[in-house]
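Single-letter residue listing:
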Amino acid sequence: MIFTNDFRKGLPILVEGVPYVILEFTVQTPSARGAATLVRVRARNVLTSALQDLTFKSGDRFEEPDLVKRKINFMYAEGDDFHFMDEESYEQFHLGRETLGEAAKWLIEGVTLRSIVFEGKVIGIELPQSIEMDVVETGPGGRSDMASGKVTKPATLSNGTVIKVPVYLEAGERVMVDTGTGEFVKRVAK
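Just so we're clear, the structure is a prediction, and the values are computed from it rather than from any experiment. (Residues numbered from 1 in each chain as written. Predicted model: local features only at pLDDT ≥ 70, side-chain atom pairs only at ≥ 80, totals over all residues. Heavy atoms only, no water.)

Engineer: Can you help me understand the nonpolar core in this one?
Structural biologist: Nonpolar side chains in soluble globular proteins tend to be buried together. Counting residues in each nonpolar core, the largest one holds 26 residues, and the members touching the most others are Phe 84, Leu 100, Leu 107, Ile 125 and Leu 157. For this core, the secondary-structure elements that each account for two or more residues are strand S7 (67-78), strand S8 (81-86), strand S9 (92-96), strand S12 (130-138), strand S14 (151-157), strand S15 (162-166) and strand S16 (174-178). For this core, the element with the highest residue contribution is S12, accounting for three residues. In this structure Leu 100 touches Phe 82, Phe 84, Leu 95, Leu 107 and Ile 125, once residues within four positions along its chain are discounted. In terms of nonpolar packing, the next biggest core, distinct from the first, is built from 13 residues, Tyr 20, Ile 22, Val 41 and Leu 54 among them. (Core = buried A, V, L, I, M, F, W, Y, C linked by side-chain atoms within 4.5 Å. Buried < 20%, exposed > 50% of the residue type's maximum accessible area, 1.4 Å probe, protein only. Helix = DSSP H or I, 4+ residues; strand = E, 2+ residues; numbered from the N terminus. Contact = heavy atoms within 4.5 Å.)

Right, here's the structure in full:
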């Protein structure tokens, strides 16, 4: 069992049969005597990826969800279906674009990632922090970002995703991209 005083960022909990992952939490101590201490949580629903604000009383108990992460390999995309293979069992499965959401734009053939399995069923994937991709086309000259002072231009990656890159990058180069923010990290040697 998991208690509210065990909460930490990234902890999975089961609330009314639905698995959530805690993104952040705060403890509110009441000013009135006899009032319960509340724990407010910002969590992501593992099944739908929706963000939700939840409130619990201090001392509430939760079960740990049956979440398993397994190494998988992205094989190919066919329309809106993305095909994967489990690296341990060699079992193949597919997930739809709707299930993958924003993660679909970072998939390239052969990349290793993790599947999230809940009660024996694959419900999503976990991307690596960064991924290497080839630049196939770059846009004209750049615009200066006033806040950072960097000059960038648009670049189309090998899977069709467009990101901003420094003006010195050209088509045919390889770059590392942060999958969480979608930002250029660095140039990578081929």
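Engineer: I'm lost on the sheet that holds S8 in this one. Help?
Structural biologist: Whether parallel or antiparallel, the strands of a sheet pair through hydrogen bonds between backbone atoms. The five strands lie next to each other as S9-S8-S7-S10-S11, forming an open sheet whose pairing is antiparallel. Only two strands of the sheet have a single partner each, and these edge strands are S9 and strand S11 (121-126). Neighbour-to-neighbour, the strand axes of the sheet open up by a mean angle of 45°, direction not taken into account. Judged from the five bridges that link them, S8 and S9 form a sheet pairing that is antiparallel. Among the inter-strand pairings, Asp 81 is bridged to a residue of S9, identified as Gly 96. (Pairing = 2+ DSSP bridges. Axes fitted to C-alpha atoms, helices over the stretch in contact; angles between N-to-C directions.)

Engineer: Is there a simple way to think about the packing of aromatic side chains in this case?
Structural biologist: Two numbers describe a pair of aromatic rings. These are the distance of the centres and the angle of the planes. Applying the stated criterion across every chain, the model contains seven aromatic pairs. Considering the side-chain rings of Phe 7 and Phe 56, the 6.2 Å spacing of their centres and the 75° angle between planes classify their relative orientation as edge-to-face. Of this pair, Phe 7 sits in the loop between strand S1 (2-3) and strand S2 (12-15) while Phe 56 sits in strand S5 (residues 51-57), and the two are 49 residues apart along the sequence. Looking at Phe 7, the relative accessible area reads 5%, which means it is buried. Consider the rings of Phe 74 and Phe 84, whose centres lie 5.4 Å apart with planes at 55°: the pair is tilted. A residue pair is termed long-range when its members are at least 10 positions apart, and Phe 74 in strand S7 and Phe 84 in strand S8 qualify at 10 residues. The structure contains a cluster of three or more aromatic residues connected by ring pairs, namely Phe 7, Phe 25, Phe 56 and Phe 62. (Phe/Tyr/Trp six-rings, centres within 6.5 Å; stacked < 30°, edge-to-face > 60°.)

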